[in-house]
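Read off the chains here:
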Number of protein chains: 2
Amino acid sequence: MNSDFFKEEDRKGMLIRYFQQYIDVPSKMKTYILEDCSTKTFNKHKFLVSPLDLFPNVYFILKGTVRGFVRNNGEEVTTWISLEKNIVGLTLYPSSTGCEKTQYIQALEETEVIIITYALIEKLLSLFPEMSVLTRKLLWVQYQEAEERNFIIRLSSAPKRIKRLKDTNPDFFTRIPLKYLASFLGMRIETLSRLRSKS
Amino acid sequence: MNSDFFKEEDRKGMLIRYFQQYIDVPSKMKTYILEDCSTKTFNKHKFLVSPLDLFPNVYFILKGTVRGFVRNNGEEVTTWISLEKNIVGLTLYPSSTGCEKTQYIQALEETEVIIITYALIEKLLSLFPEMSVLTRKLLWVQYQEAEERNFIIRLSSAPKRIKRLKDTNPDFFTRIPLKYLASFLGMRIETLSRLRSKS
């Protein structure tokens, strides 16, 4: 075992500690996670998920930022943005009701992730009732975040939206390029550029 | 047993059939649902949930329409709209991470529901692993719907948003009052009124 091995173990330990916030992770489940997860670095602008992925991976972001977007008649709509210490892609996990595959996940900086494959999720769901509880709790949190995004963009003026985002996610203003932030906030880049220093 | 009893059983049967789309409901779980759920009718404009409810109920809508909205500095923001044969309120179910209680659910027509209490959900979650699978699948579906709302409102023009809503939820245009639909679509009532017949 060399020092890289320990670093790798440390990184996966972060994922397990993240899960421990929601459930008591059984030791057998920890073993599967340590054995079956791998880490990967995506260069800036690379896709973590595209509509071509039939069984998209779930990712735990160790370092970096990503955005979720949908392409529609030539228009790119950024529906969410996520920073490190978050799970992304879980909501793309195919369900029995079918999943319309129009979502992309793209790295906005060099982004280091832990890959949790579709196969691993299926295995954990079949072996551990705790995994169903974990995914239920994670989906609940992600739903709350989606509703916050639904709320912020329906605020009736651009300054109100910018103010709300500064209160809830101040890091977005230093780390996310203006054009994606403007799409996320439903305003023109010029409007965001003019107002962001005033709010 | 009178005929009302059977009608009541029939209504609860609709809820069980709704759940059966996602899991095989154990017969013991069915018995709890039939015994512990009740039906109720809310008059137009009444609240099914307000921030005063510490343990808000979950509702299955049998008949009618409801909207979810948030009050913020005197502004009412309609973040979602739901018609019959849907579960609402599940996403307000308190989780270990805490839930900011700023959401209202309001009847937009006379609305008949099945009430699924917080206590019943807790009981089913503790007794049946299937209940955790069911809530996970329902949350997944509700997340997809939240993302569709996030997508539609970020489309860059009012006609595009109206067109998308006509494609996905045509009933909204005949059943939802213009002012709520305008808030949901992030446009002024005048804009919606002018454009809705053209798209």
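Residues numbered from 1 in each chain as written. Chains lettered and ligands numbered in written order. Predicted model: local features only at pLDDT ≥ 70, side-chain atom pairs only at ≥ 80, totals over all residues. Heavy atoms only, no water.

Colleague: Go over the pairing of strand β8 (residues 111-116) of chain B, please, and point to the residues and values.
Modeller: Residues and elements named next belong to chain B. Counting buried positions along β8 yields 6 of 6 residues, so the element is predominantly enclosed. Both faces of β8 are covered, namely the face carrying Thr-111, Val-113 and Ile-115 and the face carrying Glu-112, Ile-114 and Ile-116. Both strand β1 (residues 38-42) and β8 contribute to a ladder of 5 bridges, which runs antiparallel. Paired with Lys-40 across the two strands is Val-113, which belongs to β8. The pairing of strand β3 (residues 58-63) with β8 spans 5 bridges and is classified as antiparallel. In the strand pairing of β8, Tyr-59 is matched with Ile-115. (Buried < 20%, exposed > 50% of the residue type's maximum accessible area, 1.4 Å probe, protein only. Helix = DSSP H or I, 4+ residues; strand = E, 2+ residues; numbered from the N terminus. Pairing = 2+ DSSP bridges.)

Colleague: Requested: an account of the relation of the copies chain B and chain A, with residues and values cited.
Modeller: Screw-axis analysis of chain B against chain A gives a translation of 0.0 Å along the axis, an RMSD of 0.0 Å, and a rotation angle of 180°. Viewed as a symmetry operation, the transformation between the two copies matches a two-fold axis. Within chain B, the C-alpha atom positioned nearest to the axis of rotation is that of Arg-136 of chain B, 2.1 Å from it. A shared binding surface is used by both copies, with 100% of the interface residues of chain B retained as interface residues in chain A. (Least-squares fit on C-alpha atoms with pLDDT ≥ 70 in both. Contact = heavy atoms within 4.5 Å.)

Colleague: Pulling in residues and values, what's your account of the sheet that holds strand β8 (residues 111-116) of chain A?
Modeller: Backbone hydrogen bonds are what pair the strands of a sheet, in a parallel or an antiparallel way. One open sheet holds the 4 strands; their spatial order is β1-β8-β3-β6 (chain A), and the pairing between them is antiparallel. Edge positions in the sheet fall to β1 (38-42) and β6 (87-88) of chain A, since each of these pairs with one other strand and no more.

Colleague: So what's going on with the interface of chain B and chain A? Residues and values would help.
Modeller: Contacts between chain B and chain A engage 43 residues on the former and 43 residues on the latter. For the chain B face of the interface with chain A, the top three residues by lost area are Trp-140, Tyr-143 and Arg-154 of chain B, together amounting to 23%. Connecting chain B to chain A are 4 salt bridges. For Lys-160 of chain A, the salt bridge goes to Glu-75 of chain B, with nearest N and O atoms at 2.7 Å. Between chain B and chain A we count 25 residue pairs in polar contact (both at pLDDT 80 or more) in total. Counting only elements with at least two residues in the side of chain B that touches chain A, the list comes to β4 (65-72), β5 (75-83), α4 (129-154), α5 (158-168) and α7 (178-184) of chain B. (Buried area = accessible area lost by both parts, 1.4 Å probe. Salt bridge = Lys/Arg side-chain N within 4 Å of Asp/Glu carboxyl O. Polar contact = N/O pair within 3.5 Å; in protein donor to acceptor, adjacent residues only side chain to side chain.)

Colleague: Outline the pattern of salt bridges, listing residues and values.
Modeller: Within this structure, the stated rule accounts for 22 salt bridges over all chains. A salt bridge links Glu-147 of chain B to Arg-149 of chain A; the shortest N-O distance between them is 3.0 Å. Taken together, the positions of Glu-147 of chain B in helix α4 and Arg-149 of chain A in helix α4 (residues 129-154) put the pair across two chains. For Glu-147 of chain B, a relative accessible area of 7% puts it in the buried group. The exposure class assigned to Arg-149 of chain A is buried, which follows from its relative accessible area of 9%.

Colleague: I'd like to hear about unusual backbone geometry, residue by residue, with values.
Modeller: All names here are of chain B. Not every positive phi belongs to a glycine, and His-45 is a case in point at roughly 80°. Structurally, His-45 can be placed in the loop between β1 and β2 (47-49). Judged by its relative accessible area of 44%, His-45 falls in the partly exposed class. Located in the positive-phi region is Lys-85, a residue other than glycine, with phi close to 65°.

Colleague: Give me the lowdown on the side chain of Glu-75 of chain B, citing residues and values where you can.
Modeller: Its place among the elements puts Glu-75 of chain B in strand β5. We classify Glu-75 of chain B as buried; its relative accessible area is 12%. In this structure, Glu-75 of chain B is in contact with Arg-154, Leu-155, Ser-156 and Lys-160 of chain A together with Val-70 of chain B, ignoring residues within four places of it in sequence.

Colleague: Now, about the domain arrangement of chain A: what can you tell me, with residues and values included?
Modeller: Residues and elements named next belong to chain A. According to the domain assignment, chain A contains domain 1 (3-143) and domain 2 (150-199). Of all residues in domain 1, Thr-78, Ile-81 and Leu-83 bury the most surface against domain 2, accounting for 52% of the area lost on that side. At the boundary of domain 1 with domain 2, the tally comes to 2 salt bridges. Here Glu-109 and Arg-175 are joined by a salt bridge, their closest N and O atoms 3.1 Å apart. Counting every contact that joins domain 1 to domain 2 gives 4 residue pairs in polar contact (both at pLDDT 80 or more). At the level of elements, β4 (65-72) and β5 (75-83) are the ones that each hand at least two residues to the side of domain 1 that touches domain 2. Top element by residues in the side of domain 1 that touches domain 2 is β5. It accounts for 7 residues. Counted by class, the side of domain 1 that touches domain 2 contains 5 nonpolar, 6 polar and 4 charged residues. (Domains from an automatic or database assignment. Nonpolar A, V, L, I, M, F, W, Y, C, P; charged D, E, K, R; others polar.)

Colleague: Outline the sheet that holds β5 of chain A, listing residues and values.
Modeller: All names here are of chain A. Judged by pairing direction, the sheet is antiparallel, and its 4 strands sit side by side in the order β2-β7-β4-β5 without closing on themselves. Where the open sheet ends on each side, the last strands, each with one partner, are β2 (47-49) and β5. Adjacent strand axes in the sheet meet at a mean angle of 30°, parallel and antiparallel pairs treated alike. Sheet topology note: the β4/β5 ladder contains 8 bridges and is antiparallel. Its bridge partner being in β5, Thr-65 is matched across the sheet by Leu-83. (Axes fitted to C-alpha atoms, helices over the stretch in contact; angles between N-to-C directions.)

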